[in-house]
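Here are the chains, one letter per residue:
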Amino acid sequence: MGTFNRKKPDQVGTFEDVIEKLPYLKKLGINCIELLPVAEFAGGISWGYNPAHPFAIEQDYGGPDGFAKLVKEAHKQGIAVIMDVVYNHFGPSDIALWQFDGWSENDKGGIYFYNDYRSETPWGDTRPDYGRTEVRKYIADNAIFWIEQYRCDGLRMDATSYIRFEGGGLGIDTEINEGNILMRDINMQIQSKYPHILTIAEDLKGDDKVTDDADYGGLGYGSQWDMNFVHPVREVLTMINDSDRDLQQIVNALTYSYSGDAFRRIVYTESHDEVANGKARVPEEIQPGDAESPFAKKRAILGIVLTLTAPGIPMLFQGQEFIEDEYFQDTEALDWGKLDKLKGIKKLSTDLIALRTGKAERTNGLRGQQIEIVHFNQDTKILAYVRSTDGDDNEPVLVVLNFGNKPFEEYGIGVARMQNGNYVSIALGKVMMKISPN
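In short, a report on the structure. (Residues numbered from 1 in each chain as written. Predicted model: local features only at pLDDT ≥ 70, side-chain atom pairs only at ≥ 80, totals over all residues. Heavy atoms only, no water.)

## Quick look at the overall build of the protein chain
- When helices and strands are counted, the protein chain shows 11 helices and 14 strands.
- Computed over its C-alpha atoms, the radius of gyration of the protein chain comes to 23 Å, within 12% of the 22 Å expected for a compact globule of 438 residues.
- Overall, the C-alpha framework of the protein chain stretches about 75 × 50 × 40 Å when taken along its three principal axes.
- Burial status across the protein chain gives 55% buried among its 438 residues.
- Here the contacts in the protein chain between residues at least 6 apart in sequence split such that 62% fall between residues at least 24 apart.
- About 18,900 Å² of surface is accessible on the protein chain, with carbon and sulfur atoms providing 48% of the total.
- With 46 positive and 67 negative side-chain charges, the protein chain shows a spacing of 7 Å between the two charge centroids. (Helix = DSSP H or I, 4+ residues; strand = E, 2+ residues; numbered from the N terminus. Rg over C-alpha atoms; globule rule 2.2 N^0.38 Å. Buried < 20%, exposed > 50% of the residue type's maximum accessible area, 1.4 Å probe, protein only. Contact = heavy atoms within 4.5 Å. Areas by Shrake-Rupley, 256 points an atom, 1.4 Å probe, with all protein chains shown as cover. Lys, Arg positive; Asp, Glu negative; His and termini not counted. Charge placed at Lys NZ, Arg CZ, Asp CG, Glu CD.)

## Some thoughts on the packing of helix H1 (residues 15-28) against helix H2 (residues 63-76)
- As a packed pair, H1 and H2 sit with axes 9 Å apart at the nearest point and diverge in direction by 10°. With respect to H2, the element H1 is oriented roughly parallel. For the pair H1 and H2, contact is made by Phe15, Glu16, Val18, Ile19 and Leu22 and by Gly63, Gly66, Phe67, Lys69, Leu70, Glu73 and Ala74, respectively.
- Residues that form the contact of H1 with H2 fall into these classes: 7 nonpolar, 2 polar and 3 charged. (Axes fitted to C-alpha atoms, helices over the stretch in contact; angles between N-to-C directions. Parallel < 35°, antiparallel > 145°, perpendicular 65-115°, else oblique. Nonpolar A, V, L, I, M, F, W, Y, C, P; charged D, E, K, R; others polar.)

## Focus: the packing of helix H9 (residues 294-309) against helix H11 (residues 343-357)
- At a minimum axis separation of 10 Å, H9 and H11 run at an interaxial angle of 15°. Taken together, H9 and H11 sit at an angle that is classed as roughly parallel. Between H9 and H11 lies a crossing whose hand is right-handed. For the pair H9 and H11, the contacting residues are Lys297, Ile301, Ile304, Val305 and Leu308 in the first and Ile345, Leu348, Ser349, Leu352, Ile353 and Arg356 in the second.
- Partitioning the contact of H9 with H11 into residue classes produces 8 nonpolar, 1 polar and 2 charged. (Left-handed = near helix turned anticlockwise from the far one by under 90°.)

## Re the nonpolar core
- Core analysis: the largest hydrophobic core is formed by 96 residues, its most contacted members being Phe67, Trp146 and Phe403.
- At 9 residues, helix H3 (residues 133-148) tops the list of elements feeding residues into this core.
- Core analysis: the second largest hydrophobic core is formed by 10 residues, Ile382, Val386, Tyr411 and Val415 among them. (Core = buried A, V, L, I, M, F, W, Y, C linked by side-chain atoms within 4.5 Å.)

## Description of the pairing of strand S5 (residues 154-157)
- Every second residue of S5 is oriented toward a common face, with Gly154 and Arg156 on one face and Leu155 and Met157 on the other, all of them buried.
- Pairing of strand S4 (residues 80-85) with S5 involves 4 bridges; the strand directions are parallel. Within S5, the residue paired with Val85 across the bridge is Met157.
- In this fold, the crossover linking S4 to S5 by way of H3 has right-handed handedness.
- Examined bridge by bridge, S5 and strand S6 (residues 198-201) share 4 bridges and lie parallel to one another. Its bridge partner lying in S6, Gly154 is registered against Leu198. (Pairing = 2+ DSSP bridges. Right-handed = clockwise from strand over helix to strand, strands pointing away.)

## So, unusual backbone geometry
- A cis amide bond links Gly91 to the next residue, Pro92, at an omega of 20°.
- Even without being glycine, Asp94 reaches a positive phi, approximately 60°.
- Looking at where Asp94 falls in the secondary structure, it is placed in the loop between S4 and H3.
- Take Asp94: its relative accessible area is 54%, and that puts it in the exposed class.

## What to know about the sheet that holds strand S11 (residues 382-388)
- Here we have 3 strands laid out as an open sheet, ordered S10-S11-S12, and antiparallel in their pairing. Both edges of this open sheet fall to strand S10 (370-377) and strand S12 (397-402), since each of them pairs with a single strand only. Direction aside, neighbouring strands of the sheet carry axes that sit 20° apart on average.
- Here S10 runs beside S11; their pairing, made up of 7 bridges, is antiparallel. When the sheet's bridge partners are listed, His375 is paired in S11 with Ala384.

## Quick word on the pairing of S4
- Within S4, 5 of the 6 residues are buried, leaving the element largely enclosed by the surrounding structure.
- Looking at chain direction, strand S1 (residues 32-35) and S4 are connected through 4 bridges and run parallel. Within S4, the residue paired with Glu34 across the bridge is Ile82.

What follows is the structure, encoded as structure tokens:
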């Protein structure tokens, strides 16, 4: 919120500033925005992952009235709003619940928090005590609060592995069973009362349990951020030499799924975490200090194409559509000057989104479950796949990508021939095309 449309260096962006950009997002083709946390936090500049008052809205952004207006105006534009919520810890400073009734053990948080070693998280010793029914109810009420009071269309839950495990599931770890109960109960309650609401877990452990149905022992999330897409794709894109680029990593990333459903994963190459904390935007990682070089731009575009044509729910990070560079920080505004400078790339992003969302004709295949790798050449670094659906409205889409730096004037790829709009897998044809580098 504070960086997306910040007007002055010493003044954070507000809900009203985001409303100003909704027509731009609509024209770009975006149909859903996901906000980093806006619950009241200490100070005025923050990512939002230090919630001090979980039921209050950050006043520097515009308070509760400003947030309600943002959701309402987004809905008028046909744009859904997903709220990022933080239940793995609170604070760690200015916490309203800290030693709430004056009691604590080991000088820790009191009745709302674990008062032993389980309080420890990477963000402070402030993990809520999920073992207390009252605490689980407090957190569940907060989840419903965003849906009922502000009409949010979904929730993205931060670092759920630190609700599931004492150490976040890194290596040998101890499970927090009551944390699993908390998340399962929240998802079951939402699915029962509000089946149209999407819940997303930022778990990043590649575990089907997160998105498996609660009836089958899962936590019941509608989708989860996919580590098996973002990490291998970024690694391949940022390789310096073509010879080191392993297309098998891309194939694995494209074909992965959770809980038997392609849409149980969020696919992306940039997020607030992936472009900070020692990492940077994809073009900056490719060509440090020269993110607008041909190599950086072309391979960054490959990442956008992969995101928008892979099975799953595609997600872009603010400014990615016009190749924002450097790294994300809450003290720096998004550089909208790049939008005017790189209009062609923004147009490319707009066209890709139109293909992915069905605004362009004959692209239903991009919204289906199916993917078939039809060409895979480690020598030429050419990869091709067909996206399709199982329904009667199937319109297969062929995607061809060149991950190398060599152009091909005539390149043949064998694909299944179309007959009366149907995909016939046994009748092979050949598509001849010119393929530019990257």
